[in-house]
Amino acid sequence: MENGNKKNSGLMAVVVVVAVLIILGVVTFAIIPFLTVRKMVDDSMNMADGNYDTVITAVIAENTVRYDEDGTAFYTPVYEYEYNGKTYRVPAGVSSSDKKYSDGDRVEIRISSSFPGRMTDPNYNVRTSFKKASKTITSVFLVVAVVPVIMMLAIVIIIIAVIKSIRKNESHPAYTAPDQQDEYNDPNDDHRG
């Protein structure tokens with residue numbers, strides 16, 4: 001009986017250690033890199049915004065259209081603006097399957113006074129696209145990384161409950177009746193048949 005409890009305790013300890021190692025592995029190899037990449041992208045976009053120090057109004061000259069291999073159209077607005085007497089035509093840094101602007105729309109943009117051919121649209125840029133995609137990526141990440149961890153924890157809890165149940169049953173064995181043959185021993189029976 002004592003030996004069985006030691007085996008069960010050892011088994012439970014192994015199950016708990018394996019579960020902790022798997023959780024640490026998921027955290028190390030999934031969550032930390034995900035958060036690191038997300039922070040790097042945010043930081044790089046914040047640095048880039050500091051370069052655009054002048055606010056001006058541009059006109060959407062056109063929307064260039066390109067098609068992917070599935071035939072889906074992607075629209076890229078082309079901004080036209082004037083700065084210090086020179087006219088610039090600059091395509092947006094992002095494209096989408098939804099047409100963000102119509103030709104002729106007036107849009108407030110930010111340009112770099114040092115490099116006026118560089119611009120960003122605060123309402124339609126890599127950051128706004130990334131934030132939109134980030135919500136989807138985060139949802140997928142939660143399903144791919146967190147749900148298996150929760151499932152594994154549930155399995156560990158079930159295993160621990162089963163081990164405790166086995167341990168409880170071993171510590172209180174059920175009464176079993178002795179065989180009928182053991183109940184009656186005739187001292188005169190020489191067991192010959």
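Residues numbered from 1 in each chain as written. Predicted model: local features only at pLDDT ≥ 70, side-chain atom pairs only at ≥ 80, totals over all residues. Heavy atoms only, no water.

Participant: Could you clarify how one ought to interpret the overall build of the protein in this entry?
Facilitator: Assigned secondary structure in the protein consists of three helices and five strands. Ordered by position in the sequence, the α and β elements of the protein form the string α-β-β-β-β-β-α-α. When the 193 residues of the protein are sorted by exposure, 23% land in the buried category. Of all intrachain contacts in the protein linking residues separated by at least 6 positions in sequence, the fraction that spans at least 24 positions is 61%. With the model as given, the accessible surface of the protein reaches about 13900 Å², and the carbon-plus-sulfur share is 58%. (Helix = DSSP H or I, 4+ residues; strand = E, 2+ residues; numbered from the N terminus. Buried < 20%, exposed > 50% of the residue type's maximum accessible area, 1.4 Å probe, protein only. Contact = heavy atoms within 4.5 Å. Areas by Shrake-Rupley, 256 points an atom, 1.4 Å probe, with all protein chains shown as cover.)

Participant: Help me out: how do you make sense of the sheet that holds strand β5 (residues 119–120) in this one?
Facilitator: Sheet strands line up and pair through hydrogen bonds in the backbone, either parallel or antiparallel. Read from one edge of the open sheet, five strands run β3-β2-β1-β4-β5, paired in antiparallel fashion. The sheet terminates laterally at β3 (86–91) and β5, the two strands that pair on one side only. Pairing of strand β2 (residues 73–83) with β3 involves six bridges; the strand directions are antiparallel. Bridge pairing links Y79 to V90 in β3. (Pairing = 2+ DSSP bridges.)

Participant: Explanation requested: the packing of aromatic side chains in the structure shown.
Facilitator: Aromatic ring pairs: the centre-centre distance and the angle between the two ring planes describe each pair. In total, this model carries three aromatic pairs according to the counting rule given. Both rings, one in Y79 and one in Y101, keep their centres 6.3 Å apart while their planes meet at 75°; by these two values the pair is edge-to-face. Note that Y79 is positioned in strand β2 and Y101 in the loop between β3 and β4 (106–111), a separation of 22 residues in sequence. For the pair Y79 and Y101, a shared accessibility class is recorded, and that class is buried. With 6.3 Å between their ring centres and 80° between their planes, Y101 and Y124 make a pair best called edge-to-face. Of this pair, Y101 sits in the loop between β3 and β4 while Y124 sits in the loop between β5 and α2 (126–171); the two residues are 23 residues apart in sequence, bridging distant segments of the chain. The two residues Y101 and Y124 agree in class, both being buried. Members of the aromatic cluster, each reached through a chain of ring pairs, are Y79, Y101 and Y124. (Phe/Tyr/Trp six-rings, centres within 6.5 Å; stacked < 30°, edge-to-face > 60°.)

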